[in-house]
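Structure assessment
Listed below, chain by chain, are the residues.
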Amino acid sequence: LLGESKGNIDTLDQRNKELQHQVESLESSKKAVENKLVVTKKELADATAQYKEEIRAQQVELQANETLIADLQAQNRQQKEAASNMEAKADRVKAELENKLKALEQELGTEKGRKNNLASLLG
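Presented here is an overview of the structure given in this document. The structure displayed is predicted, hence computed values, not measured ones. (Residues numbered from 1 in each chain as written. Predicted model: local features only at pLDDT ≥ 70, side-chain atom pairs only at ≥ 80, totals over all residues. Heavy atoms only, no water.)

**A closer look at a nonpolar patch on the surface**
- A grouping of L118, L121 and L122 is seen on the molecular surface, where their side chains present a nonpolar patch of about 400 Å² in accessible area.
- L121 sits in the exposed class, given a relative accessible area of 70%. (Patch = residues over 30% accessible without salt bridge, like charges linked within 9 Å, V, L, I, M, F, W, Y side chains within 5 Å. Areas by Shrake-Rupley, 256 points an atom, 1.4 Å probe, with all protein chains shown as cover. Salt bridge = Lys/Arg side-chain N within 4 Å of Asp/Glu carboxyl O. Buried < 20%, exposed > 50% of the residue type's maximum accessible area, 1.4 Å probe, protein only.)

**Things to note about the pattern of salt bridges**
- Applying the stated criterion to the full structure yields five salt bridges.
- Of the charged contacts, one joins E18 and R15 as a salt bridge, the two residues approaching to 3.5 Å between their closest N and O atoms. Of this pair, E18 and R15 both sit in helix α1 (residues 2-122), separated by three residues, roughly a single helical turn.
- The exposure class of E18 is partly exposed, given its relative accessible area of 36%.
- Residue K42 is joined to D46 by a salt bridge in which the shortest nitrogen-to-oxygen separation is 3.0 Å. One end of the pair, K42, and the other, D46, are both in helix α1, four residues apart, so they sit about a helical turn from each other. (Helix = DSSP H or I, 4+ residues; strand = E, 2+ residues; numbered from the N terminus.)

Remember that the coordinates give geometry; whether it matters functionally is a separate question.
Right under this line is the structure:
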């Protein structure tokens, strides 16, 4: 009976050592997983921070582009208005010149008539 108990104790000791080894192995695996989780969480936090920074940078760039577009649209409106004003002024100047041309043509016609009258009186 003693030999049998000794054999059972040896078997239990062996089984206990195997279980202890499995526990140590599982604890080691758990620690490795926890370390990997810490690294992964840090990488995720870093990636999230970088993503947020990129979004902020793109928002700033977008705002700058929108401001530039608004400025260019304002300049375009001003240039169109200036061009329209210049066209109106050119039309007024053209009309004035045409009126002066008509007046000069009439004056020339009058002077030619006088010349012809003088020539006929003299000749």
